[in-house]
Amino acid sequence: MAFISVSNVERKVDVNRFIYPVILFLFSSLNIYAQKAHRLSSVLFGEYNIDYLVYKPESINQKAPLLIFLHGSGQTGGDLNKVKTVGPPSIIEGGQDLPFYTVAPQLPYKLAAEWPPELIHEIIQEVKNTYPIDPKRVYLVGFSKGAAGVWKYCSQYPKEFAAAIPITGYGDKGEVCKIKSAGIWAFHGRQDNLIKPKATRQLVEQLKLCNSNVLYTEYAEGEHDVWTATFKNMRIYEWLLNYEIGSPPKMSNEEFIMSNMKSDNLSYYKLPTALKNISGLELDSENNFWGVNNTGAPVIFRFDTLGNINQFVRVSLAANYSWQDLTIDEKGNFYIGDVGNKTGSRKNLQIYKVNILDERINRVNAEVITLTLPKYNGSDFESILWHKGYVHLFSNSAGNDYLYHFKVPDSPGNHKAELIDSLYIQKVKGRDNKITSSDLSKDGKTLYLLGADKVLAFSDFTLDYFLLGTKSEIDLDQYSQKRALSINTNGDLFFSDAELTGFNGGFLYRLKVNPEKNFKSLE
């Protein structure tokens, strides 16, 4: 397997052992085989003149896997070239080889309402009879209306495919449990106003009751088109090849997701159930872990990497409206940032200052730092850190293309937040651009900012103008709802992701930082 046992729950990634020989195809930049057009010979649908593209993978001298791609409404009927502009056909047209016979049918105008499962099945059978297809490795992918077609086909023909990826789709949750063992990795954008993410969430939640091979990724800032970024991610094709009809996957979905981390210096642990909605993480001077949730009771937890809660401290004189982060000063005082304001309706944002003197304490009174904000393009804070007598706060702009940096004194009372600096963050279509947590190295010389799939680092800054420092980043190459970041006395980065309903997550990660190896310069 791809993991070496370290303790009961700690595992380390051994990426080299994971790579399949077939993945060599994923990195070819040549494209010597064009996508060829075919006309379906159909008994049921012959009157509709249904055409499809076929791409033969390079250097295939034996039976190969089959990938069926179902397009959305915008590519319906009339011109087969329209199908080449999206999804895997677009990637192939750009010169990228894929290790599948890739088949992309075009839905005719007369059938524009939906993808009939019987039509998809006829195409699969014709291709299998024409080309050397491995019958155990048949996969489906699609977006929008095509994703709905994927869900429907998979429910009606659950034994005819190994794995599928529906993106921004919808379907009948009463039918999905017919998919008992095949792999499903669903994607959706949380800001999708055309097909609400609830459509995919309810399918995933239902399917997880009867099938353990289910993954769900929801892009927090993604709108309807999250398929462009998803289809360009070569890892999804590796995941498909992890499945074969009639056999268990080569590795579990959990193992696959963790193998996605590029660094050999990464370990991970399962978070305690009580911290499934973790939003803040901190390590004290003895390297004990402390965490808070962003909803629920006003409680701070001390926990360990075995998934145990070792101390439960209720914070009195405080409420958890939206706890977003946790930080600690040099005297051991914790600061809890009750600063979430996504709707912009909150009038009072506050930071709770607490001192937990020893491990016997189970209740502590909070001192309150209340914030007054200057006018700026944003109001939703997700991250705080303490540095030299101040609590520093980071706020994403309304469009998540700017990050604003403020500070307030760490003493209780009413304080006006001072704007220090800001940073432009280039947006990537379909991906979450938000910064959710921050921390400083113990020597105060490097700032780390956590995103959904990356960590930014700033060094060589002057005073507390952190965002003006030299910028670098590490690409985590793994997307999840990351929420919290902290650094131990050895300089190791610890970060976590929330285990939301239907999502992948609920882990604490440890990354041993090597600036020369892990981080790439953005200067």
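## Regarding the overall build of the protein
Assigned secondary structure in the protein consists of nine helices and 33 strands. With 523 residues in all, the protein has 60% of them scored as buried. Taking all contacts inside the protein whose residues are at least 6 apart in sequence as the whole, residues at least 24 apart take part in 60%.

## Notes on the state of the cysteines
Summed over the entire model, instances satisfying the criterion amount to one disulfide. Here Cys-177 engages in a disulfide with Cys-210; their sulfurs sit 2.0 Å apart. Here the disulfide of Cys-177 and Cys-210 is left-handed, its torsion about the S-S bond being about -95°. Highlighted residues: Cys-177 in the loop between strand S8 (163-167) and strand S9 (183-189) and Cys-210 in the loop between helix H5 (198-207) and strand S10 (214-219), separated in sequence by 33 residues. Given the relative accessible area of 26%, Cys-210 is considered partly exposed.

## Describing the packing of aromatic side chains
Under the definition given, this model contains 25 aromatic pairs. With a centroid separation of 4.1 Å and 20° between ring planes, the pair formed by Phe-143 and Trp-227 is classed as stacked. Taken together, the positions of Phe-143 in strand S7 (residues 133-143) and Trp-227 in helix H6 (residues 227-232) put the pair 84 residues apart, joining distant regions of the chain. Assigned by exposure class, Phe-143 and Trp-227 land together as buried. When the ring of Trp-185 is compared with that of Phe-256, the centres are 6.3 Å apart and the planes differ by 80°; the resulting orientation is edge-to-face. Here the residue Trp-185 occupies a position in strand S9, and Phe-256 occupies one in helix H8 (residues 253-259), the gap between them amounting to 71 residues. Phe-256 matches Trp-185 in its accessibility class, with the two residues each being buried.

## Regarding the pattern of salt bridges
Per the stated rule, a full pass over the model turns up 13 salt bridges. Between Arg-137 and Asp-134 there is a salt bridge, with the nearest N and O atoms lying 2.9 Å from each other. In this structure, Arg-137 and Asp-134 share a single accessibility class: buried. Where Glu-218 meets Arg-201, a salt bridge forms, and the shortest distance between an N and an O atom there is 2.7 Å. Here the residue Glu-218 occupies a position in strand S10, and Arg-201 occupies one in helix H5, the gap between them amounting to 17 residues. With relative accessibility at 28%, the residue Arg-201 sits in the partly exposed group. In this structure, a network of salt bridges that share partners links the residues Arg-190, Arg-201 and Glu-218.

## Description of the environment of Gly-169
Mapped onto the secondary structure, Gly-169 falls in the loop between S8 and S9. For Gly-169, a relative accessible area of 0% gives the class buried. Each C-alpha atom of the pair Gly-169 and Ser-144 lies 4.8 Å from the other, and the pair is 25 residues apart in sequence.

## A few points about H5
Buried residues of H5: Ala-199, Thr-200, Leu-203, Val-204 and Leu-207, and no others. Buried residues of H5, viewed axially, fall in a sector of 120°; they line one side. Elements in contact with the buried residues of H5: helix H4 (145-156), S9 and S10.

## Observations concerning the sheet that holds strand S24 (residues 413-416)
Spatially, five strands are ordered S16-S17-S18-S20-S24 in an open sheet, and the strand pairing comes out mixed. Only two strands of the sheet have a single partner each, and these edge strands are strand S16 (323-328) and S24. Neighbouring strand axes in the sheet, compared pairwise and without regard to direction, differ in orientation by 25° on average. Pairing of S16 with strand S17 (residues 334-338) involves five bridges; the strand directions are antiparallel. Considered in S17, the bridge of Leu-326 is made with Ile-336.

## Structural notes on the confidence of the model for the protein
Per-residue confidence for the protein gives a mean pLDDT of 86; residues scoring 70 or more make up 87%. Here residues 1-32 scores under 50 on pLDDT; set against residues more than four positions off or in separate chains, the count is 87 contacts.

## What to know about unusual backbone geometry
Of all residues except glycine, most have a negative phi; of all peptide bonds, most are trans. Of note in the backbone geometry, Ser-144 takes a positive phi value of approximately 55° without being a glycine. As for its placement among the helices and strands, Ser-144 is situated in the loop between S7 and H4. The phi torsion at Asn-287 lies on the positive side, around 65°, for a residue other than glycine. Mapping Asn-287 onto the fold places it in the loop between strand S12 (278-283) and strand S13 (289-293). We classify Asn-287 as partly exposed; its relative accessible area is 28%.

## Some points on the environment of Asn-414
Relative to the helices and strands, Asn-414 resides in strand S24. In this structure, the C-alpha to C-alpha distance between Asn-414 and Val-368, residues 46 residues apart in sequence, is 8.5 Å.

## With respect to the sheet that holds strand S22 (residues 390-396)
The strand order S21-S22-S23-S25 describes an open sheet built from four strands, whose pairing is antiparallel. Single-partner strands in this sheet number two, and they are strand S21 (380-387) and strand S25 (418-424). Sheet twist, expressed as the mean angle between neighbouring strand axes with direction ignored, is 25°. Of the pairings in the sheet, the one linking S22 to strand S23 (residues 402-409) comprises seven bridges and is antiparallel in character. Considered in S23, the bridge of Phe-394 is made with His-405.

## A short note on the pairing of S12
Among the six residues of S12, six are classified as buried, and the element is accordingly described as predominantly covered. The pairing of S12 with S13 spans five bridges and is classified as antiparallel. Opposite Ile-278, over in S13, you have Asn-293 as the bridge partner.

Analysis parameters
Residues numbered from 1 in each chain as written. Predicted model: local features only at pLDDT ≥ 70, side-chain atom pairs only at ≥ 80, totals over all residues. Heavy atoms only, no water. Helix = DSSP H or I, 4+ residues; strand = E, 2+ residues; numbered from the N terminus. Buried < 20%, exposed > 50% of the residue type's maximum accessible area, 1.4 Å probe, protein only. Contact = heavy atoms within 4.5 Å. Disulfide = S-S within 2.5 Å. Phe/Tyr/Trp six-rings, centres within 6.5 Å; stacked < 30°, edge-to-face > 60°. Salt bridge = Lys/Arg side-chain N within 4 Å of Asp/Glu carboxyl O. Arc of directions from axis to C-beta. Pairing = 2+ DSSP bridges. Axes fitted to C-alpha atoms, helices over the stretch in contact; angles between N-to-C directions. pLDDT = per-residue confidence, 0-100.

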